[in-house]
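# Descriptive structure summary
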Amino acid sequence: MSIDTIGVVGAGTMGNGIAQVCAASGLQVVMIDVSDAALAKGMATIAGSLDRLLKKDKITAADKEATLARIRTSTQYDDLKGAQLVIEAATENLELKLKILRQLDGLLAPEAIVATNTSSISITQLAAVTGRADRFIGMHFFNPVPMMALVEIIRGLQTSDATHDAVRDLALKLGKTPITVKNSPGFVVNRILVPMINEAFFVLAEGLASPEDIDAGMKLGCNHPIGPLALADMIGLDVCLAVMNVYFAEFNDSKYRPCPLLKEMVAAGYLGRKSGRGVYTYA
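Residues numbered from 1 in each chain as written. Predicted model: local features only at pLDDT ≥ 70, side-chain atom pairs only at ≥ 80, totals over all residues. Heavy atoms only, no water.

The next subject is the overall build of the protein. Broken down by element type, the protein carries 11 helices and 8 strands. Its C-alpha atoms give the protein a radius of gyration of 19 Å, within 12% of the compact-globule value 19 Å for 283 residues. With respect to the three principal axes, the spread of C-alpha positions in the protein is 55 × 45 × 35 Å. In the protein, the proportion of contacts linking residues at least 24 apart, taken out of those at least 6 apart, comes to 66%. About 13,100 Å² of surface is accessible on the protein, with carbon and sulfur atoms providing 54% of the total. The average position of the 27 basic charges and that of the 29 acidic charges among the side chains of the protein differ by 2 Å. (Helix = DSSP H or I, 4+ residues; strand = E, 2+ residues; numbered from the N terminus. Rg over C-alpha atoms; globule rule 2.2 N^0.38 Å. Contact = heavy atoms within 4.5 Å. Areas by Shrake-Rupley, 256 points an atom, 1.4 Å probe, with all protein chains shown as cover. Lys, Arg positive; Asp, Glu negative; His and termini not counted. Charge placed at Lys NZ, Arg CZ, Asp CG, Glu CD.)

Here it is, written out as structure tokens:
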């Protein structure tokens, strides 16, 4: 299957990053969101990312302009009709994703592939609400998308070999390194990573060390490039909590119990970088 036009649903952190890497690889992109303001913010983020690459001599001015020119924005789902593959990159909310997927299924060509960027929700469950379960797959990018090399390719129970192979080939075309993963809550990376972040909040709540010392310990003791609390702020504390809630519900195992401090901070609106305050405070 030849893929030359990609649809991206969501212009937020993940959606605009996915749109950028697809457009930079020569693909036409249609990026959808609910408002013109959200789309304008997403395009400004892409332009800023490209400017940083330009300053580092990773791309040329012509590359930047060509990438931006390949991205079309819209608030209308009908504009996705010509896409051979659509990547859903909305907020990690099951009901919202199900609503979007039903809407996509009704307007895309029968042979089109639908992928989701979910970080924790069952691919099999999401596929089941579509009429193209064999052409549904998880395509989980990592933040920041333009910089992170990994893409998890997650097969649902219904996903066909042809769909898997087409999406794996696309990931390689985007310059990413794909790994194939079975459907299970959190897949591989987040199954390991988010419980580690949750445990860091337990350590913080128990007063074992300051946030700075917890992060320094993991950076210097485990050679991590960023500490777990700073990483939580970058991911979004609400996202970390949502993932832990999925694990706790799906595995029914107390080891996945979300830390009460994490829950309280999310309730207070301390979501991390995107809200200006999380574990740390941001200007």
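Moving on from the coordinates now.
With that out of the way, let us pick up unusual backbone geometry. For the bond from N143 to P144, the omega torsion is 0 degrees, close enough to zero to count as cis. Along the chain, P144 turns up in the loop between β6 (136–141) and β7 (150–155). With phi around 65 degrees, N223 is a residue other than glycine that occupies positive phi space. Along the chain, the position of N223 falls in the loop between α8 (211–222) and α9 (228–235). Its relative accessible area of 70% is what places N223 among the exposed residues. (Buried < 20%, exposed > 50% of the residue type's maximum accessible area, 1.4 Å probe, protein only.)

Right, let's get into the packing of aromatic side chains. Counted according to the given criterion, the structure contains 3 aromatic pairs. Site record: aromatic cluster; members linked through ring pairs are Y247, F251 and Y256. One residue, R277, lies across the ring of Y270, its end atom 4.1 Å from the ring centre. (Phe/Tyr/Trp six-rings, centres within 6.5 Å; stacked < 30°, edge-to-face > 60°. Lys NZ or Arg CZ within 6 Å of the ring centre and 35° of its normal.)

With that out of the way, let us pick up the UniProt feature "binding site: NAD(+)" (unreviewed entry) in the protein. With numbering matched to this structure, UniProt assigns "binding site: NAD(+)" (unreviewed entry) to G10, A11, G12, T13, M14, G15, D33, E92, K97, S119, N143 and K274. Tracing the sequence through the fold places S119 in the loop between β5 (113–116) and α5 (123–127). When its relative accessible area of 9% is taken as the criterion, S119 is described as buried. When sequence neighbours within four positions are dropped, the list of residues in contact with S119 reads E92, H140, G186, F187, N190 and V243. By secondary structure assignment, the location of K274 is in the segment after α11 (260–267). A residue is classified by how much of its surface remains accessible, and K274, at 54% relative accessible area, is exposed. Excluding residues that lie within four positions of it along the chain, K274 makes contacts with G236, D238 and V239. (UniProt positions renumbered as here; feature names shortened; annotations may be inferred.)

The next point concerns the pairing of β6. Counting buried residues along β6, 6 of its 6 residues qualify, which places the element largely inside the surrounding structure. Residue alternation in β6 divides its side chains into two sets, F136, G138 and H140 and I137, M139 and F141, and both sets are buried. Pairing analysis gives 3 bridges linking β5 to β6, with the strands arranged parallel. Paired with T116 across the strands is G138, a residue of β6. As defined by bridge partners, β6 adjoins β7 across 4 bridges and the pair is classed as antiparallel. In the sheet register, F141 faces β7, and the bridge partner there is V151. (Pairing = 2+ DSSP bridges.)

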